[in-house]
Amino acid sequence: MEEKRNNEWILPIKEPIIASYTNDAHIASILGAYNYTQDWLISQYILIYCRKNLKEHCWGNFYFPMTYNVRSQESCRYLQKQKIHTDTIHAMNVDIIEFVCMEIENSNYVDIMLDPYYLRTTYCYHSEHGYHDILIYGFNRDEKKFYCADFLFSKTATYTFSEISFEDFMKAYEKCNPNAPENYQSGLIYLYKILEKERANYVFDFQNIIHSLRAYYQCKRLENWEFYHSDDANGVAFGLEVYDMMEKYIEDIKECKDEWINIRMFHVMLNHKRIMNERIRYLQLRYPELDELFIPLLEKYIHIQNLCNSLTMKILKSYFAKSKIKLDDINNLLIKVKDLERTALQEFFEVYDTRYMNKEIH
């Protein structure tokens, strides 16, 4: 429930269950504050992909049962989504600060593009220009500040809750060119409102989770990719095959004697394991009769998550210590994690296919 007092208004927010990229973190931090949305969260973020040549194009992420370039919020029944262009706000002669405050009073979270160079609470302040979308979930008119969430408020790029003064916000907003190629929201402001459970009409489907897990395990390309991106399919890896591309990426770095590792895919993989463990715990509580499936799977995935965390920490420590990282150690650990996860899912499906495939589980 919103907190309202005097000239302050704060919408519910929670540390996100997943924080690999800004958009996913924003959505998860909103949904996580409403218990009844958890069935949607744990049903998503199962499938992952990446480019096969990560050295040339280090990109990969989760994808959904629709075209991969559609953002996660577009498939969420619990979110009412609106988009408004900054040109429209300017044409209406509306003060942007009052616009944001008004939307929050109407229970809309505001995702807006800013230049963090002008935001003194970020690590980019007076050091780095850029375009970055920040989530605003509250304000205080008396103290002239917004309550915000993003990665830029922490020097370790951890998703954090912080504050931005109205003055800094105005500078950072005005310096963002809505038509610049770097403005990846194309000048749009995103508004998100949580719908009541009854209005959302979302139906949890256990079989959808099983189908997605199987596709991840079998490295399958979903049919929507065939429809919309068939010309690009050969350059993309899916599911467990992502590990192979990460190993190849490390080998490519060794060959060109480049000691810097782009940590992006390691973050995606770590977040994939975090939400996998939350998913298994959720399913354990929902289906206690399936303990023989989920108890051993959770034990294995906790270990897998710990290893993924070790991988990420090794790379981060080398950044901050400015020390040379042992690339063979990274690849050996990647191979170990891949083998453990493949075995865990193989054993899970052996039990499921033998004992539960033909049973109705709702």
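Given the structure is predicted, the values throughout are model-derived calculations rather than measurements.

**Student:** Just checking my understanding: could you explain the sheet that holds strand β3 (residues 47–51) for this structure?
**Tutor:** Read across the open sheet, the 3 strands follow the order β4-β3-β11; overall the sheet is antiparallel. Strand pairing shows two members of the sheet lacking a second neighbour, β4 (60–63) and β11 (236–238), which therefore form its edges. In this sheet, neighbouring strand axes are inclined to one another by 25 degrees on average, regardless of whether the strands run parallel or antiparallel. Sheet topology places β3 next to β11; 3 bridges connect them, and they run antiparallel. Within β11, the position partnered with Y49 by the bridge is F238.

**Student:** Quick question: what am I supposed to make of the side chain of S318 here?
**Tutor:** Position of S318 among the secondary structure elements: in helix α11 (residues 291–321). Beyond its immediate stretch of four places on either side in the chain, S318 contacts S323 and I325.

**Student:** Can you help me understand the pattern of salt bridges in this one?
**Tutor:** Opposite charge on two side chains lets them pair, provided their charged atoms get close. With the rule as written, the count across this model stands at 19 salt bridges. The partner of R141 in a salt bridge is E98, and the shortest N-O contact between them spans 3.1 Å. Taken as a pair, R141 in the loop between β7 (132–140) and β8 (145–150) and E98 in helix α4 (residues 96–105) lie far apart in primary sequence, 43 residues in all. Here K254 makes a salt bridge to E251, at a shortest N to O gap of 3.7 Å. Of this pair, K254 and E251 are both found in helix α9 (residues 241–256), 3 residues apart, which corresponds to roughly one turn of the helix. Assessed through its relative accessible area of 32%, E251 is described here as partly exposed. It is possible to trace a salt-bridge network through shared partners that takes in E98, E105 and R141.

**Student:** Just checking my understanding: could you explain the nonpolar core for this structure?
**Tutor:** In summary, soluble globular proteins display a tendency toward joint burial of nonpolar side chains. Of all hydrophobic cores here, the largest spans 124 residues; its most connected members are I96, F146, F169, F206 and F266. When residues of this core are assigned to their parent elements, the largest contribution, 11 residues, is made by α11. Every residue in contact with F266, bar those within four places of it in the chain, is listed here: M246, I250, I261, L311, T312, I315, I330 and L334.

**Student:** Hey, could you run me through the packing of helix α7 (residues 206–217) against helix α12 (residues 327–355) in this one?
**Tutor:** Axes are the key here: two packed helices are described by the angle between their axes and the distance separating the axes. The geometry of α7 relative to α12 is characterised by a closest axis approach of 11 Å and an angle of 135 degrees between their N-to-C directions. Overall, the two elements α7 and α12 adopt an arrangement that is oblique. The hand of the α7/α12 crossing is left-handed. In contact with F206, Q207, I210, L213, R214, Y216 and Y217 of α7, α12 contributes E341, R342, L345, Q346, F348, F349, Y352 and D353. Its residues assigned to classes, the contact of α7 with α12 comprises 9 nonpolar, 2 polar and 4 charged.

**Student:** Explain the environment of Y117 to me, please; I cannot follow it from the model alone.
**Tutor:** As for its position among the elements, Y117 is in the loop between β6 (109–114) and β7. Taking the C-alpha atoms as reference points, Y117 and S127, 10 residues apart in sequence, are found 6.2 Å from one another. Excluding residues within four positions of it along the chain, Y117 makes contact with C124, Y125, H126, S127, E128 and H129.

The rules we used
Residues numbered from 1 in each chain as written. Predicted model: local features only at pLDDT ≥ 70, side-chain atom pairs only at ≥ 80, totals over all residues. Heavy atoms only, no water. Pairing = 2+ DSSP bridges. Helix = DSSP H or I, 4+ residues; strand = E, 2+ residues; numbered from the N terminus. Axes fitted to C-alpha atoms, helices over the stretch in contact; angles between N-to-C directions. Contact = heavy atoms within 4.5 Å. Salt bridge = Lys/Arg side-chain N within 4 Å of Asp/Glu carboxyl O. Buried < 20%, exposed > 50% of the residue type's maximum accessible area, 1.4 Å probe, protein only. Core = buried A, V, L, I, M, F, W, Y, C linked by side-chain atoms within 4.5 Å. Parallel < 35°, antiparallel > 145°, perpendicular 65-115°, else oblique. Left-handed = near helix turned anticlockwise from the far one by under 90°. Nonpolar A, V, L, I, M, F, W, Y, C, P; charged D, E, K, R; others polar.

Interpretation note: all reported values are geometric properties and have no functional meaning in isolation.
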